[in-house]
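Residue-level listing of the chains:
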Amino acid sequence: MSSAHIGLIGCGRWGKHILRDLKSLGCRVTVVARSDSSRSNALEYGADVVVEQIDQLKGDFDGFVVATPTAQHAEHIESILHFDKPVFCEKPLTNDLASAERLVGAAGDRIFVMDKWKYHGGVIAMADFIAKGSVGKINHIISRRNQWGNPHTDVDETWILTPHDISIAQLLLGHTPTPVSAVAETDSNGKIRYLRATLTSDSAAVLIEVSGLHPINERSLLIICEGGSVMLTDSFSEHLLVQRNTAPDFGSKPEKIPFKNSMPLLAELDRFVNFIEGGKPPVSSGQHGLENVACISQLRELSQTNG
């Protein structure tokens, strides 16, 4: 169990789960909670200290987790940089390229991004399986992340959903793919509700679809390789589906590759706490976060150009 002292900025609908997991890891947690509901969450989920403002943070901290609305990330990260401690920020790093560049320029080696799908058992199993070479190199990554509505009022679906798909591509390819084209559906306020995008790398094409206009919830990841295809059909699945090009006939059933599907939020927080205590850093660095923000910014611009 850890004895780290963590400052948690924000304790809303997602921050309360972060607090729960930090406490389960043994951390002492001081929470900055501005609203009545956030303060109620902080008390219910076991905060050791609750304050209303960041400037009320006192004592020695080992690290910070930022779980406020996306549009407030830059402001809140900048307000705690003087502590000179590692910062773990909910994705995306920011929703503005200039602020992301400013943050990474100021403290890039101390900032990390909570890309939880890089800790998902199915994505890790997929990366490991492909790395063994039995289905050859990746030709296409096809990622769909669709749902009805968007609970976030500060940013649209491109900033809430697309970071996951880009971070998965980063993990599978080893780098951030380059945006090529995008089309979008916008609402009457100009917010993007649906985005279909194409990106490329040296070796593969990446196709991404995200939507807040889908009648059902969909999370799927299909990797088409030289020697077959690998698929994760759902975020709660406990196996991959693998179909090799050498299958004896068209109707053959895909092979099921089981994996352990543990909770990715707890896994990424455990990694951050271990890093604070001398272990390996979280998977997504500040630079990864910056590249993700740049990628989404370009896709948004392309979607406006293409209509």
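Structure shown above.
As the structure is a computational prediction, the values presented were derived from the model and not from experiment. (Residues numbered from 1 in each chain as written. Predicted model: local features only at pLDDT ≥ 70, side-chain atom pairs only at ≥ 80, totals over all residues. Heavy atoms only, no water.)

Caption draft 1: The arrangement of the packing of helix H1 (residues 15–24) against helix H8 (residues 264–276) in detail. Put simply, H1 and H8 touch, their axes get as near as 10 Å, and they point 55° apart. One way to sum up the angle between H1 and H8 is to call them oblique. You can see that H1 and H8 cross each other, and the crossing is right-handed. Contacts between H1 and H8 involve His17, Ile18, Arg20, Asp21, Leu22 and Ser24 from the former and Leu265, Leu266, Leu269 and Val273 from the latter. Tallied by class, the residues present in the contact of H1 with H8 amount to 6 nonpolar, 2 polar and 2 charged. (Axes fitted to C-alpha atoms, helices over the stretch in contact; angles between N-to-C directions. Helix = DSSP H or I, 4+ residues; strand = E, 2+ residues; numbered from the N terminus. Parallel < 35°, antiparallel > 145°, perpendicular 65-115°, else oblique. Left-handed = near helix turned anticlockwise from the far one by under 90°. Contact = heavy atoms within 4.5 Å. Nonpolar A, V, L, I, M, F, W, Y, C, P; charged D, E, K, R; others polar.)

Caption draft 2: View of the environment of Tyr194. Among the structural elements, Tyr194 can be located in strand E9 (residues 192–200). By relative accessible area, Tyr194 is classed as buried at 18%. As for Tyr194 and Val183, which are separated by 11 residues in sequence, their C-alpha atoms are 8.2 Å apart. Among residues more than four places away in sequence, those in contact with Tyr194 are Val183, Ala184, Glu185, Glu209, Val210, Ser211 and Leu213. Within the structure, Tyr194 has its side chain in polar contact with the side chain of Glu209 (distance 2.8 Å). (Buried < 20%, exposed > 50% of the residue type's maximum accessible area, 1.4 Å probe, protein only. Polar contact = N/O pair within 3.5 Å; in protein donor to acceptor, adjacent residues only side chain to side chain.)

Caption draft 3: Geometry of helix H4 (residues 97–107). Burial in H4 covers these residues: Ser99, Ala100, Leu103, Val104 and Ala107. For H4, the buried positions fall inside an angular range of 130° around the axis, keeping them on one side. In this structure, H4 carries Gly105 and Ala106 as exposed residues pointing more than 90 degrees from its buried face. (Arc of directions from axis to C-beta.)

Caption draft 4: Layout of the pattern of salt bridges. Using the criterion set out here, one finds 11 salt bridges in the structure. Salt-bridge contacts for Glu78 lead to Arg102; the nearest nitrogen and oxygen are separated by 2.5 Å. Placement of the pair is Glu78 in helix H3 (residues 73–80) and Arg102 in helix H4, with a sequence separation of 24 residues. The partly exposed category is assigned to Glu78, whose relative accessible area is 34%. A relative accessible area of 43% means that Arg102 is categorised as partly exposed. As a salt-bridge pair, Arg300 and Asp156 come within 2.9 Å of each other at their nearest N and O atoms. Remark: Asp156 occurs in the loop between strand E7 (138–148) and helix H6 (157–160) and Arg300 occurs in helix H9 (residues 286–306); sequence separation between them is 144 residues. A relative accessible area of 5% means that Asp156 is categorised as buried. Shared partners join several salt bridges into a network, and the residues in it are Asp36, Arg39 and Glu52. (Salt bridge = Lys/Arg side-chain N within 4 Å of Asp/Glu carboxyl O.)

Functional significance is not addressed by these values, which are geometric in nature.
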